Amino acid sequence: MPAQRSLEQSSTFEYRLAQEAINLRLQAKGMPVGVRRTELLRKARQIDVAGEVNKWLTSPGLQPPS
């Protein structure tokens with residue numbers, strides 16, 4: 001199990017988020033218009049936003065509240 005865990009951690013959090021968003025969009029692309037497709041696209045967008053928030057939170061210019 002530890003070997004698998006280290007393999008998962010070899011890519012960055014942002015990369016894993018981006019890959020998941022791509023996978024969700026590919027799944028949605030093959031589906032007819034409907035609720036499930038909309039849910040997949042919404043989830044992909046949420047993951048995009050999570051990546052942006054993570055970039056902002058980990059940026060060196062972020063200042064703590066005063």
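See the structure above.
Residues numbered from 1 in each chain as written. Predicted model: local features only at pLDDT ≥ 70, side-chain atom pairs only at ≥ 80, totals over all residues. Heavy atoms only, no water.

## Some words on helix H3 (residues 35-58)
Residues three or four positions apart in an α-helix share a direction because the helix packs 3.6 residues into each turn.
Here is step 1 of the chain: Here H3 is 24 residues long and its end C-alpha atoms lie 34 Å apart, about the 34 Å a rise of 1.5 Å per residue gives.
Here is step 2 of the chain: Listed as buried for H3 are Leu40, Ala44, Ile47, Gly51 and Asn54.
Here is step 3 of the chain: Buried residues in H3 make contact with helix H2 (13-29). (Helix = DSSP H or I, 4+ residues; strand = E, 2+ residues; numbered from the N terminus. Expected span 1.5 Å × (residues − 1). Buried < 20%, exposed > 50% of the residue type's maximum accessible area, 1.4 Å probe, protein only. Contact = heavy atoms within 4.5 Å.)

## Considerations on the nonpolar core
Here is step 1 of the chain: Within the largest apolar cluster, seven residues are counted, these being Leu17, Ala21, Leu24, Ala28, Leu40, Ala44 and Ile47.
Here is step 2 of the chain: Among the secondary structure elements, those contributing two or more residues to this core are H2 and H3.
Here is step 3 of the chain: When residues in this core are grouped by element, the largest group, four residues, is from H2.
Here is step 4 of the chain: Once residues lying within four places of it in the same chain are set aside, the contact partners of Ala44 are Ala21, Leu24 and Arg25. (Core = buried A, V, L, I, M, F, W, Y, C linked by side-chain atoms within 4.5 Å.)

## Structural notes on the packing of H2 against H3
Here is step 1 of the chain: At a minimum axis distance of 8 Å, the contact between H2 and H3 shows a crossing angle of 165°. In terms of axis orientation, H2 runs roughly antiparallel to H3. H2 and H3 meet at a crossing whose hand is left-handed. Contacts from Phe13, Glu14, Leu17, Glu20, Ala21, Leu24, Arg25, Gln27 and Ala28 of H2 reach H3 at Arg37, Leu40, Leu41, Lys43, Ala44, Arg45, Ile47, Asp48, Ala50, Gly51, Asn54 and Lys55.
Here is step 2 of the chain: Tallied by class, the residues present in the contact of H2 with H3 amount to ten nonpolar, three polar and eight charged. (Axes fitted to C-alpha atoms, helices over the stretch in contact; angles between N-to-C directions. Parallel < 35°, antiparallel > 145°, perpendicular 65-115°, else oblique. Left-handed = near helix turned anticlockwise from the far one by under 90°. Nonpolar A, V, L, I, M, F, W, Y, C, P; charged D, E, K, R; others polar.)

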